[in-house]
Amino acid sequence: MRKTYFLLVTVLLACCSYKSYAQVPRIPEASSTQTIIQDFGLGKITVTYSRPNVKDRKIFGGIIPWGEVWRTGANSATTITFSEKVKIEGNPIPAGTYSLFTIPEKNEWTVILNKVVKQWGAYSYKQSEDFLRFPIKPLRVSEKRETFTMAFANSTTKSTDLYLVWDHTAAMIHMETDDDAKITANIDELMKGDRKPYYFNAIQYYYENNKDVDKALGWVYEAEKMEPKGPWYKLWESRLLLRKGDKAGAIAAAEAGIALSKASKDDEYERLNQQALDNAKR
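Report follows, based on the coordinates. A quick note: this is a predicted structure, and the numbers were derived from the prediction, not measured. (Residues numbered from 1 in each chain as written. Predicted model: local features only at pLDDT ≥ 70, side-chain atom pairs only at ≥ 80, totals over all residues. Heavy atoms only, no water.)

Quick word on the overall build of the protein
Across its full length, the protein carries seven helices and 10 strands. In summary, the protein has a C-alpha radius of gyration of 26 Å against a globular reference of 19 Å for 282 residues, an excess of more than 25%. Here the C-alpha coordinates of the protein stretch approximately 75 × 65 × 35 Å along the principal axes. At a minimum sequence separation of 6, the contacts of the protein that also span at least 24 residues come to 54%. Carbon and sulfur atoms form 53% of the exposed surface of the protein, whose accessible area is close to 16,600 Å². Charged side chains in the protein number 40 positive and 35 negative. The centres of these two groups are separated by 6 Å. (Helix = DSSP H or I, 4+ residues; strand = E, 2+ residues; numbered from the N terminus. Rg over C-alpha atoms; globule rule 2.2 N^0.38 Å. Contact = heavy atoms within 4.5 Å. Areas by Shrake-Rupley, 256 points an atom, 1.4 Å probe, with all protein chains shown as cover. Lys, Arg positive; Asp, Glu negative; His and termini not counted. Charge placed at Lys NZ, Arg CZ, Asp CG, Glu CD.)

Concerning the sheet that holds strand S3 (residues 79-82)
Reading across the sheet, the six strands line up as S1-S2-S3-S6-S7-S8 and stay open at both edges, with antiparallel pairing between neighbours. A strand with exactly one partner marks an edge of an open sheet, and here the two such strands are strand S1 (32-40) and strand S8 (130-136). Each neighbouring strand pair of the sheet contributes to a mean axis angle of 20°, computed without reference to strand direction. Judged from the five bridges that link them, strand S6 (residues 96-103) and strand S7 (residues 109-114) form a sheet pairing that is antiparallel. (Pairing = 2+ DSSP bridges. Axes fitted to C-alpha atoms, helices over the stretch in contact; angles between N-to-C directions.)

Here's the deal with the sheet that holds strand S9 (residues 139-153)
Judged by pairing direction, the sheet is antiparallel, and its four strands sit side by side in the order S5-S4-S10-S9 without closing on themselves. Edge strands, defined here as strands with exactly one partner in the open sheet, are strand S5 (91-93) and S9. The mean angle between the axes of side-by-side strands here comes to 40°, regardless of whether they run parallel or antiparallel. Where strand S4 (residues 86-88) and strand S10 (residues 159-176) come together, two bridges link them in antiparallel fashion. Bridge pairing in S10 links Lys87 to Glu176.

With respect to the pattern of salt bridges
For the structure shown, the criterion picks out 12 salt bridges. Of the charged contacts in the structure, one is a salt bridge between Asp130 and Arg133, with a shortest N-O distance of 2.9 Å. Using a relative accessible area of 14% as the deciding quantity, one classes Asp130 as buried. One salt bridge in this structure joins Asp214 and Lys244, with 2.8 Å as the shortest N-O distance. Residue Asp214 is located in helix H4 (residues 213-226), and its partner Lys244 is located in helix H5 (residues 231-244); the two are separated by 30 residues in the primary sequence. Among the residues examined, Lys244 registers a relative accessible area of 48% and is labelled partly exposed. Put simply, Glu224, Lys234 and Glu237 are held in one network by salt bridges that share partners. (Salt bridge = Lys/Arg side-chain N within 4 Å of Asp/Glu carboxyl O. Buried < 20%, exposed > 50% of the residue type's maximum accessible area, 1.4 Å probe, protein only.)

As for the layout of surface pockets
Its volume calculated, the largest pocket comes out at about 360 Å³. Taken together, 14 residues make up the lining of the largest pocket; nearest its centre are Ile183, Ile187, Asn201, Ala202 and Tyr205. Among the elements of the structure, helix H2 (180-190) and helix H3 (199-208) are those that each provide at least two residues to the lining of the largest pocket. Per-class residue counts for the lining of the largest pocket are eight nonpolar, five polar and one charged. (1 Å grid on protein atoms, 1.4 Å probe; cavity = no way out; pocket = protein on both sides within 12 Å on 5 of 7 lines; lining within 4 Å. Points joined across faces, edges and corners; volume = space filled by probe spheres on them. Nonpolar A, V, L, I, M, F, W, Y, C, P; charged D, E, K, R; others polar.)

Some remarks on the packing of H5 against helix H6 (residues 247-264)
Packing of H5 against H6 leaves a shortest axis separation of 8 Å and a crossing angle of 165°. In terms of axis orientation, H5 runs roughly antiparallel to H6. By crossing handedness, the relation of H5 to H6 is classed as left-handed. Residues Pro231, Lys234, Glu237, Ser238, Leu241 and Leu242 of H5 touch H6, and the partners they reach there are Lys247, Gly249, Ala250, Ala253, Ala254, Ala256, Gly257, Leu260 and Ser261. Its residues assigned to classes, the contact of H5 with H6 shows eight nonpolar, four polar and three charged. (Parallel < 35°, antiparallel > 145°, perpendicular 65-115°, else oblique. Left-handed = near helix turned anticlockwise from the far one by under 90°.)

The values reported here are purely geometric and, on their own, carry no functional implication.
And the structure:
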């Protein structure tokens, strides 16, 4: 009985503590925090940064002086985490977390990956702790970006670009990864078991990375037997046959895909198969 009573009191106290915590007044940060995550090859890239606003101020060459180390945001220094090894502007980077500093200049920025994370601003920054420095070119953009923004674009299984945009200035960091050998080995392993869940991604990867066309076509034909009413595999059949130079086969596959799409009222794959048909007829 005493044990039950003690447990009940503990739960009630926890609830009271949570209620008290939840009711503590909060004040928002002037520069909000954002975390962006990009799937990249077999890994991920994670960027956490704070987002200051222009607020009618002069930014670069003003509150961000030329030639000085900038935290690349506000509050704590920006961090970037790679779950797998990558290349940045051609430089190999091991998996890990780094502080991302920059030194803006009018015609060139220096990007810095520093080994010390959890730094407030750049006040304790030490060049001796740098892992890498490399240059990038800024450019002027006509549309004003009030809030400092970092975003990934042009992302494929092999490369991506990280954009830094604020006020009328933008800069881009190019990243690459080469997981092809590991991905191909993974596909081979997955294809030893129940193939159905993996056909689509395996076919798409082989097509987009210019790998063995005949092998990918073999998967297409197997998948079509399992899903004979699926217009998506006719799309890949058409694309792969066209890559082999079989225009007649590509046309026939696309036409079959259009018919299947209409039967299932799948507007997206009707459009995609029509595009494949148009390409095959050129």
